[in-house]
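Geometric and topological summary
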Amino acid sequence: MEIIETGQLQRIQAEDTEEYRVCRLFAGIYDVGRKRAHEWWRMGLRTLEDVEKRKDEIKLTRNQAIGLKYYDDLQERIPRAEASVIFDKIKELAMTIDGNITLYIMGSYRRGAETVGDIDILLTRDPSDGRTHSGMLNKLIRLLHEKGLLTNDLAVPADTHSLEQKYMGIGRLPPDGKMRRIDVLAIPWDQKGAALIYFTGDDLFNRSIRLLAHKKGYSLNQRGLYGGIIRDNKRRKMTEGVIIASKTEKEIFDILGVPWREPEERRRL
Ligand code: TTP
Ligand code: MG
């Protein structure tokens, strides 16, 4: 309608400026937000070379420097087949630490995407033999570095022995594959279902199912479905409630009255 009525589209004009293109370029660096990108624009920076040259002055963080170094690789999406090979290698190494570790490849891969933005991995372990995965993620990270599958850490979990940890890093297929973002989420075994829902996404599906849970008087996050929540008259939570389902995706769907959706069906059309 805007094009018919005015003969133009303001959005396209706004995007057809050097300022817009430069800010987009900068915001493509890992850990650089729109605000920071614009700040650099105002300081007169125009290219990635400018960012590199003035990195001390603009106080480029360690992670931003890594993002800049691997800019082109990290901009690219990963072919499904390559994600699969990387995951299989990681799984194989995890099995050498403990044969009972369970690893899943998550995110867009689990939804069946042909290319993925990063490799999302869920790590957990059935504790029924009396052992847990405590400490195992840190061991795995060390091993992956040794084998050349990981090259840079972006965020390493602080608490080594917690069952709930998040690792973010960069790796590749050794010896010279492209640099890829790799995330590993460790979670307690009994939260597997809720974590599977969260880490499968997509983000819109997560927002919708969380909203539905909210409307039905529950609360859903990556740990579980919570009941017994008391809210004030502005619908703010007064109590956290208790987890009433978390072990399987199915039981959470059932309580919410959502018909089963395969991961492939949980994405925007
Ligand atoms: P991402 O890896 O960011 O997304 P993705 O795997 O769906 O897509 P991509 O191919 O670009 O990597 O996050 C993994 C899952 O985590 C995502 O599917 C759903 C969940 N998530 C949210 O629910 N909200 C968010 O804001 C983000 C970033 C992720
Ligand atoms: Mg992903």
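Every value quoted in this text rests on a predicted model; they were computed, and no experiment measured them.

Reading the values: the criteria
Residues numbered from 1 in each chain as written. Chains lettered and ligands numbered in written order. Predicted model: local features only at pLDDT ≥ 70, side-chain atom pairs only at ≥ 80, totals over all residues. Heavy atoms only, no water. Buried < 20%, exposed > 50% of the residue type's maximum accessible area, 1.4 Å probe, protein only. Helix = DSSP H or I, 4+ residues; strand = E, 2+ residues; numbered from the N terminus. Arc of directions from axis to C-beta. Contact = heavy atoms within 4.5 Å. UniProt positions renumbered as here; feature names shortened; annotations may be inferred. Donors = N, O, S within 2.8 Å, 3.2 Å for Na, K, Ca; no water. Patch = residues over 30% accessible without salt bridge, like charges linked within 9 Å, V, L, I, M, F, W, Y side chains within 5 Å. Areas by Shrake-Rupley, 256 points an atom, 1.4 Å probe, with all protein chains shown as cover. Salt bridge = Lys/Arg side-chain N within 4 Å of Asp/Glu carboxyl O. Pairing = 2+ DSSP bridges. Axes fitted to C-alpha atoms, helices over the stretch in contact; angles between N-to-C directions. Core = buried A, V, L, I, M, F, W, Y, C linked by side-chain atoms within 4.5 Å.

The complete set of buried residues in helix 13 (residues 249–256) reads Glu 249, Ile 252, Phe 253 and Leu 256. For helix 13, the angular spread of the buried residues around the axis is 100 degrees, confining them to a single face. Along its buried surface, helix 13 packs onto helix 9 (107–110), helix 11 (192–200), helix 12 (203–215), strand 8 (219–220), strand 9 (225–227) and strand 10 (242–245). Positive backbone phi, at 75 degrees, marks Gly 257, one or two positions downstream of helix 13.

Turning next to the UniProt feature "domain: DNA-directed DNA polymerase X" (unreviewed entry) in the protein chain. When the UniProt feature table is mapped onto this chain numbering, "domain: DNA-directed DNA polymerase X" (unreviewed entry) sits at residues 1–267. In residues 1–267, helix accounts for 42% and strand for 17%; the two terminal C-alpha atoms are 28 Å from one another.

At this site the magnesium ion (ligand 2) is bound by Asp 118 (OD) and Asp 120 (OD), with donor distances of 2.0 to 2.1 Å. Relative accessible area serves as the criterion here: at 22%, Asp 118 is assigned to the partly exposed category. We classify Asp 120 as buried; its relative accessible area is 9%.

In this section: a nonpolar patch on the surface. A contiguous nonpolar patch, built from Val 242, Ile 244 and Ile 255 and spanning about 240 Å² of accessible area, is present on the exposed surface. Counting through the fold element by element, Val 242 comes out in strand 10.

Next up on the list: the sheet that holds strand 4 (residues 119–125). The 5 strands lie next to each other as 2-4-7-6-5, forming an open sheet whose pairing is mixed. A strand with exactly one partner marks an edge of an open sheet, and here the two such strands are strand 2 (101–105) and strand 5 (150–155). Strand after strand, the sheet turns through a mean of 25 degrees between neighbouring axes, direction not considered. In this structure, strand 2 lies alongside strand 4, joined through 5 bridges in antiparallel fashion. Looking at strand 4, one finds that Thr 102 is bridged to Thr 124. Across the face of the sheet, helix 8 (residues 80–97) comes into contact with strand 2, strand 4 and strand 7 (180–186) while running at roughly 170 degrees to strand 2.

In this section: the nonpolar core. Of all hydrophobic cores here, the largest spans 28 residues; its most connected members are Ile 90, Leu 103, Ile 119, Ile 121, Leu 123 and Ile 182. Those elements that place two or more of their residues in this core are helix 8, strand 2, strand 4, helix 10 (136–146) and strand 7.

With that out of the way, let us pick up the pattern of salt bridges. Considering all chains together, one arrives at 20 salt bridges under this definition. Between Arg 131 and Asp 98 there is a salt bridge, with its nearest N and O atoms 3.8 Å apart. In this pair, Arg 131 sits in the loop between strand 4 and helix 10 while Asp 98 sits in the loop between helix 8 and strand 2, placing the two residues 33 residues apart along the sequence. Residue Arg 131 is classed as partly exposed on the basis of its relative accessible area, which comes to 47%.

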